[in-house]
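Listed below are the residues making up each chain.
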Amino acid sequence: MAKNKEARPPTYAVSVVGLSGTEKEKGNCGVGKSCLCNRYVCSNADGYYTEHTSVLSTIDFGGRVVNNDHFLYWGEVPHRSDDGLECKIQIIEQTEFIDDQTFLPHRSTNLQPYSKRAAASKLQSAEKLMYICTDQLGLEQDFDQKQMADGKLNIDGFLLCIDVSKGCNRKFEDQMKFVNSLYSQMVKSKKPIVIAATKCDECMEQYLRDLQVFAASKKNLLVVETSARSRINVDLCFNALTQQMDKPRGKPKIIPYLEAYKVQ
Ligand code: GTP
Ligand code: MG
């Protein structure tokens, strides 16, 4: 639910999820959750980083940014809808942090598998700091320090990232198996879900078609074709979800990748 209805603009929290885990699960590169968050929270090109490692030392895992959790707090973005209404969107990325010694997931207080943990709509983490980039870990004092307010968040909607590029050492059907079990957990929360097809700058047409079939079979989920690299439809996918969280505003207009690319 939106907070602070009267006095201040409402605040919504979005959880960005998708295939995560060890190299065995996700191949040797992620599906693009971090890059999508990074593009959305940071409007200037200098603040965009292409690498956000999930392989961490025990010290970095325990630092105040990661805070022994398997999620990152990406901060808060002011948002104004087409009809002029203002709100704030807080962004969470649900990932899996891997120990740089054992190459197994770090042990956190939440021992549930990713699909259950990432589908949670209530998150807690005392004094957790906003994540900015990998270099910040261990050097927190050298970067802007913003705390996740109240040490807790209620998730209002999910952005489900599905990589439609060739992928690295990973089969698309394996990604979809993972996504299927994740979706079956997320749907229990009854929160809106929007799919971000990621890395559309390297899109495999067949994967995108398979993804459309999947989306159509899941209560007609909206699919937004995005590219964090080329900065295409990044705001649109978050805005589409915001509109669904804020029901009276109605359905967003969805622009296919090529069309959005042309008007860029
Ligand atoms: P984990 O959190 O480790 O599970 O990964 P992730 O889902 O956060 O993926 P991340 O955003 O770290 O991206 C993984 C790799 O994909 C990086 O090397 C990025 O440069 C690349 N990548 C991310 N977004 C795009 C994109 O829009 N296009 C292309 N071509 N590559 C991308
Ligand atoms: Mg990540």
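What you see is a predicted model, and the numbers here were worked out from it, not measured in a lab. (Residues numbered from 1 in each chain as written. Chains lettered and ligands numbered in written order. Predicted model: local features only at pLDDT ≥ 70, side-chain atom pairs only at ≥ 80, totals over all residues. Heavy atoms only, no water.)

## Some words on the site of ligand 1
What surrounds ligand 1 is a group of 21 residues, the closest being Lys26, Cys35, Ser54, Thr95 and Asp201. With respect to ligand 1, the backbone of Gly32 contributes an N or O atom lying 3.0 Å from an oxygen atom. In this structure, a nitrogen atom belonging to ligand 1 sits 2.7 Å away from a side-chain N or O atom of Asp201. The element best represented in the shell around ligand 1 is helix H2 (residues 33-41), accounting for three residues. Its residues placed into classes, the shell around ligand 1 shows four nonpolar, nine polar and eight charged. (Near = heavy atom within 4 Å. Polar contact = N/O pair within 3.5 Å; in protein donor to acceptor, adjacent residues only side chain to side chain. Helix = DSSP H or I, 4+ residues; strand = E, 2+ residues; numbered from the N terminus. Nonpolar A, V, L, I, M, F, W, Y, C, P; charged D, E, K, R; others polar.)

## Re the coordination of the magnesium ion (ligand 2)
By definition of the ideal shapes, four donors in a tetrahedron about a metal sit 109.5 degrees apart, and six donors in an octahedron sit 90 or 180 degrees apart. Protein coordination at the magnesium ion (ligand 2) comes from Ser34 (OG) and Glu93 (OE), with a distance range of 2.1 Å. Placement of the pair is Ser34 in helix H2 and Glu93 in strand S4 (residues 86-94), with a sequence separation of 59 residues. Taken individually, Ser34 and Glu93 each receive the classification buried, so the pair is uniform in this respect. (Donors = N, O, S within 2.8 Å, 3.2 Å for Na, K, Ca; no water. Buried < 20%, exposed > 50% of the residue type's maximum accessible area, 1.4 Å probe, protein only.)

## Quick word on the pattern of salt bridges
Within this structure, the stated rule accounts for nine salt bridges. With its nearest N and O atoms 3.2 Å apart, the salt bridge here joins Lys199 to Asp163. With Lys199 in the loop between strand S9 (193-198) and helix H6 (205-217) and Asp163 in strand S8 (residues 157-163), this residue pair connects regions lying 36 residues apart in the sequence. Note on accessibility: Lys199 and Asp163 belong to one class, buried. Between Arg229 and Glu202 there is a salt bridge, with the nearest N and O atoms lying 3.2 Å from each other. One end of the pair, Arg229, is in the loop between strand S10 (222-225) and helix H7 (234-245); the other, Glu202, is in the loop between S9 and H6, and 27 residues separate them in sequence. Residue class for Glu202 comes out partly exposed when judged on its relative accessible area of 42%. What emerges from the salt-bridge pattern is a single network uniting Asp163, Arg170 and Lys199. (Salt bridge = Lys/Arg side-chain N within 4 Å of Asp/Glu carboxyl O.)

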